[in-house]
Amino acid sequence: MSVRVRIAPSPTGDPHVGTAYVALFNRAFARQQGGQFLLRIEDTDRTRSTPESEAMIFESLRWLGLTWDEGPDVGGPSGPYRQSERLPIYKDHTEKLLASGAAYLCFCTSERLDALRREQTTAKLPTRYDGACRDLAPAEASRRRTAGEACVVRLRIPASGELAFDDLVRGRISFQAEQIDDQVLLKGDGYPTYHLANVVDDHLMGITHVMRAEEWIPSVPKHLLLYRAFGWTPPGMAHLPLLRNPDRSKISKRKQPTSLNWYRDQGYLPEAMVNFLALMGFSQPDGKEIFPFEEMARNFAFERITTSGPVFDLKKLEWLNGTYLRELIPGALAARLAPFGASAQDPARVAAILPLVQERLKRLAEWGELTDFFFTAPEPGPLLLEQGKHPAAEGAAMLEEAAAALQDQADFSSAAVEALLRGKQALRGWKTGDYFMTLRVAVTGRKATPPLTDTFAVLGREEVVRRLRAAAAWLGRAREA
Ligand code: GLU
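Rules used in this analysis
Residues numbered from 1 in each chain as written. Predicted model: local features only at pLDDT ≥ 70, side-chain atom pairs only at ≥ 80, totals over all residues. Heavy atoms only, no water. Axes fitted to C-alpha atoms, helices over the stretch in contact; angles between N-to-C directions. Helix = DSSP H or I, 4+ residues; strand = E, 2+ residues; numbered from the N terminus. Parallel < 35°, antiparallel > 145°, perpendicular 65-115°, else oblique. Left-handed = near helix turned anticlockwise from the far one by under 90°. Contact = heavy atoms within 4.5 Å. Nonpolar A, V, L, I, M, F, W, Y, C, P; charged D, E, K, R; others polar. Near = heavy atom within 4 Å. Polar contact = N/O pair within 3.5 Å; in protein donor to acceptor, adjacent residues only side chain to side chain. Areas by Shrake-Rupley, 256 points an atom, 1.4 Å probe, with all protein chains shown as cover. 1 Å grid on protein atoms, 1.4 Å probe; cavity = no way out; pocket = protein on both sides within 12 Å on 5 of 7 lines; lining within 4 Å. Sits in = over half its atoms within 2 Å of the grid points. Buried < 20%, exposed > 50% of the residue type's maximum accessible area, 1.4 Å probe, protein only. Lys, Arg positive; Asp, Glu negative; His and termini not counted. Salt bridge = Lys/Arg side-chain N within 4 Å of Asp/Glu carboxyl O. Disulfide = S-S within 2.5 Å. Phe/Tyr/Trp six-rings, centres within 6.5 Å; stacked < 30°, edge-to-face > 60°.

A.B. asks: How would you summarise the packing of helix H9 (residues 270-278) against helix H11 (residues 314-327) if you had to cite specific residues and measurements?
C.D. replies: Look at H9 against H11: their axes get within 9 Å of each other, and the N-to-C directions meet at 135 degrees. Considering the angle they form, H9 stands oblique to H11. For the pair H9 and H11, the crossing hand works out as right-handed. For the pair formed by H9 and H11, the contact residues are Glu271, Ala272, Met273, Asn275 and Phe276 on the first element and Lys316, Leu317, Leu320, Asn321 and Tyr324 on the second. Tallied by class, residues from the contact of H9 with H11 come to 6 nonpolar, 2 polar and 2 charged.

A.B. asks: Just give me the short version of the site of the ligand, but keep the residues and values in it.
C.D. replies: Taken together, Arg6, Ala8, Ser10, Glu42, Tyr194, Asn198, Arg212 and Trp216 make up the full set of residues adjacent to the ligand. Within the side chain of asparagine 198, an N or O atom sits 3.1 Å from an oxygen atom of the ligand. Contact with the protein chains removes 83% of the 290 Å² of surface that the ligand exposes when unbound. The pocket occupied by the ligand, as judged from atoms lying within 2 Å of grid points, is the largest pocket. Taken together, the residues of the shell around the ligand break down into 3 nonpolar, 2 polar and 3 charged.

A.B. asks: If you had to explain the side chain of lysine 222 to someone new, which residues and values would you point to?
C.D. replies: Within the secondary structure layout, lysine 222 lies in helix H7 (residues 220-230). The side chain of lysine 222 is buried and forms no salt bridge, while aspartate 181, the nearest opposite charge, is found at 6.4 Å. Among the polar contacts made by the side chain of lysine 222, one reaches the side chain of glutamine 183 at a distance of 2.7 Å.

A.B. asks: Any details on the side chain of glutamine 425? Residues and values, ideally.
C.D. replies: Tracing the backbone through its elements, the reader meets glutamine 425 in helix H16 (residues 414-428). Looking at glutamine 425, its side chain comes within polar contact range of the main-chain oxygen of tryptophan 430, at 3.0 Å. Residues within four places of glutamine 425 in sequence aside, it is in contact with Trp430, Lys431, Thr432, Tyr435 and Phe436.

A.B. asks: Kindly report on the state of the cysteines, identifying the contributing residues and their values.
C.D. replies: Linking two cysteines covalently via their sulfur atoms produces the bond known as a disulfide. Scanning all chains against the criterion turns up 0 disulfides. Free cysteine: cysteine 108, not disulfide-bonded; nearest cysteine sulfur from cysteine 133 at 3.7 Å. Note on cysteine 108: relative accessible area 17%, which makes it buried. Overall, cysteine 133 belongs to the buried group, its relative accessible area being 8%.

A.B. asks: Would you mind going over the packing of aromatic side chains in detail, with residue names and values included?
C.D. replies: Within the structure shown, the criterion is met by 19 aromatic pairs. Pairing tyrosine 227 with tryptophan 232 gives two aromatic rings, centres 6.4 Å apart and planes at 65 degrees, and the pair type is edge-to-face. Owing to a relative accessible area of 2%, tyrosine 227 belongs among the buried residues under this scheme. Here tryptophan 232 falls in the buried class, since its relative accessible area comes to 16%. Measuring from centroid to centroid gives 5.8 Å for tyrosine 263 and phenylalanine 312, while their planes differ by 75 degrees, and the two rings are edge-to-face. Highlighted residues: tyrosine 263 in helix H8 (residues 260-266) and phenylalanine 312 in the loop between helix H10 (293-299) and H11, separated in sequence by 49 residues.

A.B. asks: Tell me about the environment of tyrosine 21, and name the residues and values.
C.D. replies: Within the secondary structure layout, tyrosine 21 lies in helix H1 (residues 17-33). Placed 253 residues apart in sequence, tyrosine 21 and valine 274 show a C-alpha to C-alpha distance of 8.0 Å. Tyrosine 21 has contacts with Leu240, Pro241, Leu243, Leu277, Met280 and Pro310, leaving out every residue within four places of it along the chain.

Right, dumping it as structure tokens:
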């Protein structure tokens with residue numbers, strides 16, 4: 001039987017890094033097994049689900065290259081793939097459970113349930129349904145429903161017994177039935193809860209393995225009972241470790257960005273992001289840290305997944321991203337930079353700057369900040385006064401002299417310009433650091449830039465001379481003030 005796996009995100013809020021993480025592991029397994037990877041939208045929470053959120057899930061997973069074989073937008077033989085379009089299916093299945101007695105109708109009002117919860121909380125008891133409607137005669141319950149009385153459908157959890165499964169990552173996990181609440185399966189509005197819809201869909205969509213985050217483990221006993229009640233074989237189950245903040249708490253947007261949109265907008269490369277997510281719980285047999293998706297798929301094994309919570313470390317991601325950025329050939333890097341401002345800039349100048357910044361770029365969004373002075377002359381300002389130990393008048397004279405020398409310099413290559421300036425520096429008797437830092441600040445307005453004479457060569461003689469003279473004039477006036 002061919003492997004079929006899925007992710008089942010709920011379309012609420014921004015697309016989450018955790019969705020991409022679980023998608024990656026499922027897709028790697030499907031790829032390795034020659035199986036299918038499905039995307040199902042679990043939009044049964046009517047108040048929180050939005051079409052915008054769904055669209056962002058599609059968009060961000062596509063950006064990462066984590067595409068799916070079947071899903072709401074691409075179709076497939078097991079659709080519809082959006083739970084809100086499957087309501088009659090859940091209704092039919094609930095009727096089967098009612099008929100067999102595996103589920104029952106519950107007419108308790110929300111006031112009664114609230115009061116019950118309050119009592120249990122005060123008595124420091126676990127909050128759970130007390131089973132008031134459990135033993136209503138089915139004919140009576142059905143009559144009340146037909147008469148229009150509001151009700152939900154609940155799963156009848158056995159009074160005792162063990163519910164166990166073998167997690168493909170964690171080994172055997174078991175639960176005691178008495179700890180489990182009679183779960184609502186179908187709400188008053190005809191919408192299913194997560195548990196019912198998830199189990200029915202996984203079965204009808206032929207899912208062979210459910211791989212999802214560890215936080216869903218407590219749902220498994222309810223799912224096992226549902227599989228049993230329907231007479232179905234449960235799929236294999238694997239629970240991936242939760243992603244964690246550096247302080248080891250569950251990843252949350254209060255502590256660091258969790259939206260995939262943020263990572264895209266900051267200019268993390270999709271392939272770096274995928275590689276980073278692969279390192280969250282998975283390791284290669286040879287310990288290698290940099291590898292493409294295909295290599296993950298090749299070596300994927302449930303035994304290679306750890307259970308200890310991997311830390312989502314932005315520093316590590318930045319390092320990985322820098323590594324991927326440095327490997328891009330110039331044309332490819334220019335194309336990646338296009339949405340970050342480069343598309344509106346002179347392509348020849350962009351091409352000339354790229355070799356100077358590629359080493360230092362950690363995120364594409366740094367492009368503007370690292371290179372703006374190549375496109376716009378800086379305003380001379382007080383930073384000039386802070387350079388070196390020389391008085392402003394002397395600084396002005398030095399810059400003027402450098403401008404005059406460069407004006408007459410025919411060969412404006414980096415090496416020739418450097419030789420010329422070193423000669424001038426020696427004659428002036430300034431320290432190398434003072435001399436070149438003053439030139440740097442004069443021409444770029446900043447203290448950290450790519451190698452200085454390379455930068456001059458890209459800017460060209462006229463522009464460099466103009467900027468040096470503007471800075472000299474500013475320093476001259478600063479002396480008078
Ligand atoms: N809708 C659940 C979620 O938002 C799906 C969990 C599962 O994979 O079963 O993650």
